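Here is what each chain is made of, one letter per residue.
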Amino acid sequence: MKDTRFAKLVLLVNGLVPVTLLLWDVYRKQVGANPLEFVTRTTGMLTLIFLLISLAVTPLRRITGLNWLVRFRRMLGLFAFFYGSLHLLTYVAFDRFFHFTTIPGDVLKRPFIAIGMTAFFLMLPLAITSTDKMVKRLGGKRWARLHKIVYLAGILGVLHYYMLVKSDVRLPLTFAFVLALLLGFRLFVKYYSAAPGISSSVIPRR
């Protein structure tokens, strides 16, 4: 696919659909008995979904040979950051009511918040350095090393979700399983790419 502009437009529109539907549900008061919990859980899950999809791009690209898939990774990552920002903003605005002095004490009482915030702030430099200009400024190798932070952000994000859920942990474990597959594929490549009999067509470059 030489021209991906239309495909990127489709991805942009579809990436904004969830937040549009969420705002519509909030407007119509179709968010259950606890709107804060509903919005917080929804934005958190969307963050993980887009993060995992962005991590899936490289393995899919190498397995299928569709190298143009890499052109969508940046937008997917930015959507993960966008929904992560909404997730954090929901907590700061509607849980803490912008009383920033109360946040440290709340973080100490609820460690999963600290883990979630750490995951978000790990994503911050990735979003800042996502432009072509920043890639050139950092250099390809340094940029690639920096963006490996996304793996840790994903692990902490899944752990944050698991600690948040008190009873039914099936969804957090599903996210953990998918993340383990994606990271496991990278480990497989790192340690076995030189082994005989392994086709280079399934080995990602990053």
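Structural data are supplied above this passage.
What counts as what
Counting starts from 1 at the beginning of each chain's written sequence and moves along it residue by residue. Local features in this predicted model are restricted to residues whose pLDDT is 70 or higher, and side-chain atom pairs enter the listing and the counts only when it is 80 or higher, whereas totals over whole chains, interfaces and linings include all residues. Where side-chain values are given, they derive from all heavy atoms of the structure, hydrogens and water being excluded. Only runs of H or I of at least four residues qualify as helices and only runs of E of at least two qualify as strands under DSSP, and these elements are numbered from the N terminus. To sort residues, take the accessible area from a 1.4 Å probe on protein chains only and compare it with the maximum for the residue type: under 20% means buried, over 50% means exposed, and anything in between is partly exposed. Contacts are residue-level and defined by heavy atoms, with any inter-residue pair within 4.5 Å sufficient. Surface exposure here means Shrake-Rupley accessible area, sampled with a 1.4 Å probe, where a residue is shielded only by the protein chains that are shown. Charge counting treats Lys and Arg as positive and Asp and Glu as negative, with His and both chain ends excluded. In this description, the location of a charge corresponds to atom NZ of lysine, CZ of arginine, CG of aspartate or CD of glutamate. Residues belong to one nonpolar core when they are buried, are Ala, Val, Leu, Ile, Met, Phe, Trp, Tyr or Cys, and are joined through side-chain atoms within 4.5 Å. The angle between two axes is taken between their N-to-C directions and runs from 0 to 180 degrees, where each axis is a line fitted to C-alpha atoms and a helix contributes only its stretch in contact. Small angles under 35 degrees read as roughly parallel and large ones over 145 as roughly antiparallel, with 65 to 115 read as roughly perpendicular and the rest as oblique. Crossings are classed by handedness, with left-handed meaning an anticlockwise turn of the near helix from the far one by less than a right angle and right-handed meaning a clockwise turn. When residue character is reported, Ala, Val, Leu, Ile, Met, Phe, Trp, Tyr, Cys and Pro are called nonpolar, Asp, Glu, Lys and Arg charged, and the others, Gly included, polar. In this analysis, rings of Phe, Tyr and Trp, with Trp reduced to its six-membered ring, are considered paired at centre separations within 6.5 Å, and the interplanar angle assigns stacked below 30 degrees, edge-to-face beyond 60, and tilted for intermediate values. Counted as a polar contact is a pair of N or O atoms within 3.5 Å, where, for protein atoms, one must be capable of donating a hydrogen and the other of accepting one, and residues adjacent in sequence contribute only when both atoms are in side chains.

This part takes up the overall build of the chain. When you go through the chain residue by residue, the secondary structure sums to nine helices and zero strands. The helix and strand sequence of the chain, counted from the amino end, reads α-α-α-α-α-α-α-α-α. Its C-alpha atoms give the chain principal-axis dimensions of about 55 × 35 × 35 Å. Counting across all 206 residues of the chain, residues that qualify as buried make up 39%. In the chain, the share of contacts with a sequence separation of at least 24, taken over all contacts with a separation of at least 6, comes to 66%. Looking at the chain as shown, the accessible area adds up to about 12,700 Å², and 70% of this sits on carbon and sulfur atoms. Put simply, the chain has 27 plus and 7 minus side-chain charges, and the middle of one group is 15 Å from the middle of the other.

Core analysis: the largest hydrophobic core is formed by 44 residues, its most contacted members being Phe50, Leu55, Tyr91 and Met117. Counting only elements with at least two residues in this core, the list comes to helix H1 (5–27), helix H2 (35–64), helix H3 (73–95), helix H4 (103–109), helix H5 (111–128), helix H8 (149–164) and helix H9 (170–192). Looking at which element gives the most residues to this core, the answer is H5, with 10 residues. Residues contacting Phe50, with those up to four places away along its chain left out, are Gly15, Leu76, Phe79, Ala80 and Tyr83.

Right, let's talk about the packing of H3 against H5 for a bit. When two helices pack together, their arrangement is given by the angle between their axes and by how far apart the axes lie. Look at H3 against H5: their axes get within 10 Å of each other, and the N-to-C directions meet at 140°. In terms of their interaxial angle, H3 and H5 are classed as oblique. Of the two possible hands of crossing, H3 and H5 adopt the one that is left-handed. Each of Leu78, Ala80, Phe81, Gly84, Ser85, Leu88 and Tyr91 in H3 lies in contact with H5, whose residues at this interface are Ile113, Met117, Phe120, Met123, Leu124 and Ala127. Residue classes in the contact of H3 with H5 are distributed as 11 nonpolar, two polar and no charged.

Ring pairs (aromatic) are described by centroid distance and by the angle formed between their planes. Applying the stated criterion across every chain yields a total of 10 aromatic pairs. Taking 5.7 Å as the distance between ring centres and 25° as the angle between the ring planes, the aromatic pair formed by Trp24 and Tyr27 counts as stacked. Of this pair, Trp24 and Tyr27 both sit in helix H1, separated by three residues, roughly a single helical turn. Under the relative-accessibility criterion, Tyr27 is labelled exposed at 65%. A ring pair is formed by Trp68 and Phe72, whose centres lie 6.0 Å apart and whose planes are at 85°; its orientation type is edge-to-face. Using a relative accessible area of 22% as the deciding quantity, one classes Trp68 as partly exposed. On the basis of relative accessible area, Phe72 is assigned to the buried category, the value being 9%. Three or more aromatic residues joined by ring pairs form one cluster here, namely Phe50, Phe79, Phe82 and Tyr83.

This brings us to the side chain of Thr58. Assignment of secondary structure puts Thr58 in helix H2. In this structure the side chain of Thr58 is engaged in a polar contact, spanning 2.6 Å, whose partner is the side chain of Arg73.

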